[in-house]
Amino acid sequence: MSAIEELVGEFAKLPGIGRKTAQRLTYFLLKQPREEAVRLSRAVAALTERVHACSRCGDLTEADPCAICTDPRRDVGLICVVEEASDVAAIERAGEYRGLYHVLGGRLSPLDGVGPDALSLPGLVARLANGAAVREVIVATNPSVEGEATAHYVERTLRQAAPAVAVSRLARGLPVGGELEYADGETIAQAFSARRTFSGAAG
Ligand SMILES: [Zn+2]
């Protein structure tokens, strides 16, 4: 395979990039000064070398624990549970939430073979057991079918493992089937302030 074909193939694997755009990006890079392409390749390499999951919350970080886990101004009584690290970034952009996070690393999806074992729930249970300071866990999985199923699974698990901790779910201001990652800051802030606790029967 030629170098051009190889890069086109790699670009085409990225979300939202078709074969045509992948070709355009590749030929664009070929027309730039050599340093531009070298800088891009270095940035990609640095991503894999320097970024990893925080050992406490699972967010992507270069320092461990991450800057959020170690920030003394954050409210350690609140933990917001999200599917992916990109959801943390979206909530942080909204700028309203001041607690900590826990990244599950996915959502329950039986059709794709993703079961409870694939999620980092034991880590969350351990955090609740160690940190008696936690008052509330806010489940902020996406408002999709899989996200809802995941939210209920998290709630059931926590009710057994840490019955003293309140568990709440983001309000339904978010578009159903939409992704937290793409919601605007205002919508995310409203979903947080109007969050509701799970109620066994009605929930
Ligand atoms: Zn962290």
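A short tour of the structure in this document, coming up. (Residues numbered from 1 in each chain as written. Predicted model: local features only at pLDDT ≥ 70, side-chain atom pairs only at ≥ 80, totals over all residues. Heavy atoms only, no water.)

Description of the overall build of the chain
Broken down by element type, the chain carries 7 helices and 7 strands. The helix and strand sequence of the chain, counted from the amino end, reads α-α-α-β-β-β-α-β-α-β-α-β-α-β. Along the first, second and third principal axes, the C-alpha set of the chain runs to 60 × 35 × 35 Å. The buried share among the 203 residues of the chain stands at 38%. Carbon and sulfur atoms provide 56% of the accessible area of the chain, an area that totals close to 11800 Å². Averaging the positions of the 23 positive and the 26 negative side-chain charges in the chain gives two centres separated by 2 Å. (Helix = DSSP H or I, 4+ residues; strand = E, 2+ residues; numbered from the N terminus. Buried < 20%, exposed > 50% of the residue type's maximum accessible area, 1.4 Å probe, protein only. Areas by Shrake-Rupley, 256 points an atom, 1.4 Å probe, with all protein chains shown as cover. Lys, Arg positive; Asp, Glu negative; His and termini not counted. Charge placed at Lys NZ, Arg CZ, Asp CG, Glu CD.)

What about the state of the cysteines?
Using the criterion set out here, one finds 0 disulfides in the structure. The cysteine Cys 80 is free of any disulfide, with Cys 57 supplying the nearest cysteine sulfur at 11 Å. (Disulfide = S-S within 2.5 Å.)

Thoughts on the packing of aromatic side chains
Going through the model one piece at a time under the given rule, you end up with 2 aromatic pairs. Judged by centre distance (5.2 Å) and plane angle (65 degrees), the ring pair of Tyr 97 and Tyr 101 falls under edge-to-face. We classify Tyr 97 as buried; its relative accessible area is 6%. Overall, Tyr 101 belongs to the buried group, its relative accessible area being 1%. One aromatic cluster is present, formed by Tyr 97, Tyr 101 and Phe 192 through successive ring pairs. (Phe/Tyr/Trp six-rings, centres within 6.5 Å; stacked < 30°, edge-to-face > 60°.)

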